[in-house]
Amino acid sequence: MQVKTCQITPFQDQKPGTSGLRKKTRAFMAPDYLEAFVQSIFDGIGGVAGKVLVVGGDGRFFNQEASQTILKMAAANGAARVIVGQNALLSTPAASNLIRKNKTDGGIILSASHNPGGVDEDFGVKFNNPNGGPAPEHVTEAIFARSKELTEYRILDAADIDLGAIGDQTLGEMTVSVVDPVEDYAELMESLFDFAAIREMFDGGFRMRFDAMHAVTGPYAKALLEGALGASEGTVINGEPLPDFGGHHPDPNPVWAKGLMDEMFSPDGPDFGAASDGDGDRNMVVGRNIYVSPSDSLAVLAANAHLAPGYAKGLAGVARSMPTSAASDRVAEKLGIGSYETPTGWKFFGNLLDAGKATLCGEESFGTGSDHVREKDGLWAVLLWLNILAARKDSVADILKAHWAEFGRNYYSRHDYEAIDAEIAGKLMDDLRDRLGGLPGTQVQGMTIAEADDFAYTDPVDGSVSKKQGIRVVMEDGSRIVLRLSGTGTVGATIRLYLEKYEADPAQHDLDPQKALAPMIAAAEELAGIESRTGRDTPDVIT
């Protein structure tokens, strides 16, 4: 086996976003493109000679081929060992767990998360740090800087190895350890939750539906829900991971998981429903005839986490991304623990978790997790909900209504305008940003604006500062409008509009969220002019 050194012209478009580098699959398949970015990762982290890495992905198109390339490059760059999921499959939280459990030097995760998969759809590559979390900004900046000057990469001239065979193999002088992708993760889940109580609940006739969306969580959900916990066969639907996710969009929200929503709102719907995304780090939770917003889910989990053995000692704190509703802040205040507001992107939670300042974290984009790994974790959130349901013996609807009665309800919604011309979207944001200083004290739709800013975050652990993280317009009653451009798409720009209104009166807790938020929706259009400037009269997705 010979190490080849391949000469290339540096690429200038390999800037990682909040979750690594995402492009169309064909872009990664182009000559030298994947290889150049992987070499930039290796060089950007100071090399991989003698190091141990984890590699795996969500099974989307090109996942296996990319994994073989990364293994050959790791061997050529002197890595000592790579742990890879069988058939190159690893959910993102399972990869984070393997990094942490084996004390490796990090890992490369292949996924574009909730984006569609296929030869004409999306692919992604990201590096996770030794703590198991996404690389922080100083690391991604080093990787990007290296990519712009990289003129060669190294790769082993060798045949592909058998990723279906569990056990150790050699690739050059490097050990490749192919592992069961589910086993270590399942062991971790059993250490956190009361599996006996959940099994008893299923034995008592509790019915559930879990939509794996033909993505990576299918094998995990089958092993845990239908296996370890005794849920009936067929509880997990769309459970086989497919390279194109069955032609569907693997995003667990009411739009893309419509079949699950229809079943949950049918006359004989199950007691509990859930879905997860392409790489297993997101979740949607639904009760019979009631949808649970991600912001409410985080707040309910924070208020009830002590019912699970792994969190019985209590929480150190709760962290949320800035666009996520303030519902969890109210729980943290009552519990007397810290609450933190960070920019969007799970990497911002890493320092808080490592420092022991937070135990639970959540984002409004269907991401929830805890300090058990350093990624959001869709199936973990589902299991915590099941543990709470088993302990309280209440329905999802009863738990939500009791929570709102105690803490008040934060009506909340996100409106996504996808594939907007990037220049138009950028100009819209810049124009509103330029007007922020003059907005406080003015009125919009009969409401007085109290504050308006472009969110900047100072990390309480290391003092690092992240600016321009989203425009906030806050009314005197605490209602909020937030706008930001998303970094997870691959075509044009996605404008995300977040709307929030707090309601303390229990008599007003049963309104339709879009009706309750109607004044905020009108105010957002008056301030930003999304419809008038983009020509979009309705959002592509409302959650």
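Look up a bit, the structure's there.
Rules of the game
- Residues numbered from 1 in each chain as written.
- Predicted model: local features only at pLDDT ≥ 70, side-chain atom pairs only at ≥ 80, totals over all residues.
- Heavy atoms only, no water.
- Axes fitted to C-alpha atoms, helices over the stretch in contact; angles between N-to-C directions.
- Helix = DSSP H or I, 4+ residues; strand = E, 2+ residues; numbered from the N terminus.
- Parallel < 35°, antiparallel > 145°, perpendicular 65-115°, else oblique.
- Left-handed = near helix turned anticlockwise from the far one by under 90°.
- Contact = heavy atoms within 4.5 Å.
- Nonpolar A, V, L, I, M, F, W, Y, C, P; charged D, E, K, R; others polar.
- Salt bridge = Lys/Arg side-chain N within 4 Å of Asp/Glu carboxyl O.
- Core = buried A, V, L, I, M, F, W, Y, C linked by side-chain atoms within 4.5 Å.
- Buried < 20%, exposed > 50% of the residue type's maximum accessible area, 1.4 Å probe, protein only.

Considerations on the packing of helix 8 (residues 217-228) against helix 13 (residues 378-392)
Alright, step 1. At a minimum axis separation of 11 Å, helix 8 and helix 13 run at an interaxial angle of 20°. Here helix 8 lies roughly parallel to helix 13, going by the angle between them. Relative to helix 13, helix 8 is oriented so that their crossing is right-handed. Two secondary-structure elements touch here, helix 8 through Y220, A221, L224 and L225 and helix 13 through L379, L383 and L386.
Alright, step 2. Each residue belonging to the contact of helix 8 with helix 13 can be placed in one class, and the counts come to seven nonpolar, no polar and no charged.

What about the pattern of salt bridges?
Alright, step 1. The final tally for this structure, using the stated rule, is 36 salt bridges.
Alright, step 2. Taking the shortest distance from any N to any O, the salt bridge between K334 and E406 comes out at 2.4 Å. Of this pair, K334 sits in helix 11 (residues 327-335) while E406 sits in helix 14 (residues 396-407), placing them 72 residues apart in sequence.
Alright, step 3. Between D354 and R374 there is a salt bridge, with the nearest N and O atoms lying 2.7 Å from each other. Here D354 is found in helix 12 (residues 347-354), whereas its partner R374 is found in the loop between strand 18 (367-370) and helix 13, with 20 residues between them in sequence.
Alright, step 4. Connected via shared salt-bridge partners are R320, D329, E341, D453, R472, R480 and E500.

Thoughts on the nonpolar core
Alright, step 1. Membership of the largest hydrophobic core comes to 72 residues, with the highest contact counts inside it found for F272, W380 and L386.
Alright, step 2. Excluding residues within four positions of it along the chain, L386 makes contact with I198, M201, F202, F206, M208, L225 and F272.
Alright, step 3. Listed in part, the 45 residues of the second largest apolar core include L53, M73, V84 and V178.

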